[in-house]
Each structure stands twice: as C-alpha cells, then as structure tokens.
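Understanding the architecture of this molecule
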Amino acid sequence: EKTSLDEAVDDAWQHLQEKMGSPPTIALIFGSCTLNAAAVAERLRMKQPSLFAIGGSSMRGVLSSGGHAPFGIMGLDGWASRCGVGHVKGSNITDASSAREAGIAAAKQATYCQVPDLIVMCAAPGWEEHIVSGINHVCPGVRIFGGSAGNDSLVGGAETPPWQLHGSLAGWGATSVGVVI
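Note that the structure is predicted; figures quoted are calculated from it, not measured. (Residues numbered from 1 in each chain as written. Predicted model: local features only at pLDDT ≥ 70, side-chain atom pairs only at ≥ 80, totals over all residues. Heavy atoms only, no water.)

**Here we look at the overall build of the chain**
When helices and strands are counted, the chain shows four helices and eleven strands. For a compact globule of 181 residues, the expected C-alpha radius of gyration is about 16 Å, and the chain comes in at 16 Å, within 12% of that figure. For the C-alpha atoms alone, the extent of the chain along its principal axes is close to 45 × 40 × 30 Å. When the 181 residues of the chain are sorted by exposure, 45% land in the buried category. Surface exposure of the chain reaches about 9,100 Å², of which carbon and sulfur atoms provide 54%. Charged side chains in the chain number 11 positive and 15 negative. The centres of these two groups are separated by 6 Å. (Helix = DSSP H or I, 4+ residues; strand = E, 2+ residues; numbered from the N terminus. Rg over C-alpha atoms; globule rule 2.2 N^0.38 Å. Buried < 20%, exposed > 50% of the residue type's maximum accessible area, 1.4 Å probe, protein only. Areas by Shrake-Rupley, 256 points an atom, 1.4 Å probe, with all protein chains shown as cover. Lys, Arg positive; Asp, Glu negative; His and termini not counted. Charge placed at Lys NZ, Arg CZ, Asp CG, Glu CD.)

**Things to note about the packing of helix 3 (residues 96-111) against helix 4 (residues 128-138)**
When two helices pack together, you describe them by how their axes are tilted relative to each other and by the distance separating the axes. In contact at an axis separation of 7 Å, helix 3 and helix 4 are set at 45° when each is read in the N-to-C sense. By the criterion of interaxial angle, the relationship of helix 3 to helix 4 is oblique. Considering only the axes of helix 3 and helix 4, their crossing is right-handed. The segment helix 3 lies against helix 4, with A96, A99, R100, G103, I104, A107, K108 and T111 engaging H130, I131, S133, G134, I135, H137 and V138. (Axes fitted to C-alpha atoms, helices over the stretch in contact; angles between N-to-C directions. Parallel < 35°, antiparallel > 145°, perpendicular 65-115°, else oblique. Left-handed = near helix turned anticlockwise from the far one by under 90°. Contact = heavy atoms within 4.5 Å.)

**Side note on the sheet that holds strand 7 (residues 118-123)**
Reading across from one edge, 6-11-7-8 is the order of the four strands in this open sheet, with mixed pairing throughout. Two strands in the sheet have a free side with no partner beyond their single neighbour: strand 6 (87-88) and strand 8 (143-148). Where strand 7 lies against strand 8, six bridges are found, and the strand directions are parallel. Bridged to C122 within strand 8 is G147. Sitting on the sheet, helix 4 touches strand 7, strand 8 and strand 11 (179-180), and the angle it makes with strand 7 is about 150°. (Pairing = 2+ DSSP bridges.)

**Notes on helix 3**
Taking 1.5 Å per residue as the helical rise, helix 3 with its 16 residues ought to reach 22 Å, and the 23 Å between its terminal C-alpha atoms agrees with that figure. When we look at burial in helix 3, the residues that qualify are S98, A99, A102, G103, I104, A106, A107, A110 and T111. Those residues of helix 3 hidden inside the fold are in contact with strand 6, helix 4 and strand 11. The backbone nitrogen of S97 has a side-chain oxygen 3.3 Å away, supplied by the residue at the start of helix 3, namely D95. (Expected span 1.5 Å × (residues − 1). Polar contact = N/O pair within 3.5 Å; in protein donor to acceptor, adjacent residues only side chain to side chain.)

Below you can see the structure in the form of structure tokens.
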C-alpha cells in the first residue's frame, strides 16, 4: 500500500520522466522539511539505483511550473560522466573547525581528488561558510552552487530540523544538519 509520500515521489518521478523523455542521470531533490528524507531516498533508490542525487529541505516546500508542492525533482541527463556524491552526517558538525573538515571530507568523497567543473551543495544552516572553506581547500577556484537546507521555524512552523539527501551506486541516505555535495 502506497503512502502519500510514496505517491508524491512517484508522481514527481513520472512527471520528470515524461518531461525529459527518459530517466535522468542526475537529480536535484527538494521538499518540505516535514518530509521523511530517508523514505524519499529509499523510494528513489528503488526507482533508479544508478542515479546521482543530492537535495535538501526547503521552507514550506517547493515552487515549480505546476505551483506549490511538498516535493520536487529536477533532472539532468548526459552529465554523469564526471559525477560524484559526497556527504557528511550532521552529528559530525559541531563547530567551525568540524564544519570545514566536513567540507573537505565531502569534497574528497565526491570528486575522488579530481577537480570538477561545478560543485552543487546543500548544507546545514549556520555552517555554510566553513563548509565552503573546506570544499575550496580540496577544489580551489571551482564554482559552488547551492546553499542551506531550510525548515519552517522562521514562519512559525515546525521545528523539524533541515535535512539533506544523497544517492548514488555507492549508497543512498539522508541526514539532518549535515552536508551533501
């Protein structure tokens, strides 16, 4: 029996494939902070285990051509020839120094120590600059796109912690208050 989360993931995945004409090789996934990110990661892993995926929570969900939604996927195809995913659990980020080390670890994991053309990041609020400093240590001068995972606390909503999601053939998962690139 499907849950509403399964249905949301299935609908977004089907809509994406219809628009693209085929499954993506890379996906950026964003959704409401109240979603179960681990369940989203597992559902997407079941659909396409070889997908390179990162994403994070957003305050109140996402906006798209279809309007407001609790969940969304942006897919890319043909870019995965030099693609990697790195992640660090939030429990490993406790101060500026550990945030910088998390950036270093995630960058090394994602790039295999090769300089990429672009890094896409979704990080814990409050540690972004230190994480970027760590990424720049490994990949100096590489453009970084992305920013913070969000939650609804600024608008009087749930105090649910922000989440980050990652996936590739190396593994799928989700964390709170961590970093994915």
